Amino acid sequence: FEIADLEAEIGADQVTTLSVVAEDVEFLANVFWAPTEWLNQNTEAAGSYCANVLYANRVFASDFDQYNQLLNDYIEGGVDEETARTNWEFAREHEIWPYNADVLNEETVQTTIEVGVASGLLDESAQELSFEQLVDTRPMEIAMEILGGPIDAADVEAGNIPEPSL
């Protein structure tokens, strides 16, 4: 996020971006976890929670003023508007905040496992687990039903966000 500052300091012709992780890697940054027993008893609540997170992502990605207000409400001292806008634009450009449940798929789960094993956070035996063993898709299906289905980035950027059905 400091590329503009670095370019200003040493000159844009002196800066080369080798990779932007958000463009180059499919992985999960945040995952919600629950024991199977709890999830079986609270599937609707889990689906509603997921819908709320996805709806918030859509709203904050569509409206800088709301996003900026959120930052200033919850970060002590706030965030200067230029930094907030840079982060907001980056998040929108790379769809850092998921708008739909499809980001949780076999490929992203496998990549996350590979990174976890390579970093030592997960035991190698994690690679033997299947997507179906790790992911209960029922909450995602409920969330997408509440949200009225998937939405694309162009609709989010245009502020065309349907209200969830509760």
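(A) Representation of helix 4 (residues 43-62) in the model. Relative to the 28 Å expected for 20 residues at 1.5 Å per residue, helix 4 spans 29 Å between its end C-alpha atoms, a close match to the ideal helical length. Residues of helix 4 that are buried sit in contact with helix 3 (36-41), helix 5 (64-74), helix 6 (81-93), helix 9 (138-146) and helix 10 (153-158).

(B) A look at the packing of aromatic side chains. One pass over the full model with this rule turns up 4 aromatic pairs. Taking 5.0 Å as the distance between ring centres and 80° as the angle between the ring planes, the aromatic pair formed by F32 and Y49 counts as edge-to-face. Residue F32 is located in the loop between helix 2 (21-24) and helix 3, and its partner Y49 is located in helix 4; the two are separated by 17 residues in the primary sequence. Consider the rings of F64 and Y67, whose centres lie 6.4 Å apart with planes at 50°: the pair is tilted. Of this pair, F64 and Y67 both sit in helix 5, 3 residues apart, which is roughly one turn of the helix. A single burial state applies to F64 and to Y67, both of which are buried. Here the aromatic cluster, defined as three or more aromatic residues joined through ring pairs, consists of F64, Y67, W88 and W97. The ring of F64 has R85 sitting right over it, with the charged end atom 3.8 Å from the ring centre.

(C) Structural detail: the nonpolar core. In terms of nonpolar packing, the biggest core is built from 24 residues, with Y99, L147 and V156 touching the most fellow members. Those elements that provide at least two residues to this core are helix 4, helix 7 (106-119), helix 9 and helix 10. With 6 residues, helix 4 is the single largest residue contributor to this core. Discounting chain neighbours no more than four positions away, the residues touching Y99 are L54, N57, R58, A61, R92, I151, A153 and V156.

(D) Structural view of a negative patch on the surface. Negative charge collects at one region of the surface, where D65, D80, E81 and E82 lie side by side. With respect to the helices and strands, D80 occurs in the loop between helix 5 and helix 6.

(E) Representation of the environment of W88 in the model. Within the secondary structure layout, W88 lies in helix 6. C-alpha of W88 to C-alpha of A61: the two residues are 27 residues apart in sequence and 7.1 Å apart in space. Once you skip the residues sitting within four places of it in the chain, W88 turns out to touch F60, A61, S62, D63, F64, Y67 and W97.

(F) How the structure looks around the side chain of N57. Tracing the chain through its elements places N57 in helix 4. Those residues in contact with N57 that sit more than four places away from it in its chain are W97, P98 and Y99.

(G) Seen up close, the packing of helix 4 against helix 9. Contact geometry for helix 4 and helix 9: axes closest at 7 Å, N-to-C directions at 55°. Our classification of the angle between helix 4 and helix 9 gives oblique. Here helix 4 runs over helix 9; the crossing is right-handed. Side by side, helix 4 and helix 9 meet where T43, E44, A46, G47, S48, C50, A51, L54 and R58 of the first sit next to R138, P139, I142, A143, M144 and I146 of the second. Of the residues assigned to the contact of helix 4 with helix 9, the class counts are 9 nonpolar, 3 polar and 3 charged.

Conventions adopted
- Residues numbered from 1 in each chain as written.
- Predicted model: local features only at pLDDT ≥ 70, side-chain atom pairs only at ≥ 80, totals over all residues.
- Heavy atoms only, no water.
- Helix = DSSP H or I, 4+ residues; strand = E, 2+ residues; numbered from the N terminus.
- Expected span 1.5 Å × (residues − 1).
- Contact = heavy atoms within 4.5 Å.
- Phe/Tyr/Trp six-rings, centres within 6.5 Å; stacked < 30°, edge-to-face > 60°.
- Buried < 20%, exposed > 50% of the residue type's maximum accessible area, 1.4 Å probe, protein only.
- Lys NZ or Arg CZ within 6 Å of the ring centre and 35° of its normal.
- Core = buried A, V, L, I, M, F, W, Y, C linked by side-chain atoms within 4.5 Å.
- Patch = residues over 30% accessible without salt bridge, like charges linked within 9 Å, V, L, I, M, F, W, Y side chains within 5 Å.
- Areas by Shrake-Rupley, 256 points an atom, 1.4 Å probe, with all protein chains shown as cover.
- Salt bridge = Lys/Arg side-chain N within 4 Å of Asp/Glu carboxyl O.
- Lys, Arg positive; Asp, Glu negative; His and termini not counted.
- Charge placed at Lys NZ, Arg CZ, Asp CG, Glu CD.
- Axes fitted to C-alpha atoms, helices over the stretch in contact; angles between N-to-C directions.
- Parallel < 35°, antiparallel > 145°, perpendicular 65-115°, else oblique.
- Left-handed = near helix turned anticlockwise from the far one by under 90°.
- Nonpolar A, V, L, I, M, F, W, Y, C, P; charged D, E, K, R; others polar.

These results come straight from atomic positions and should not be treated as a statement about function.
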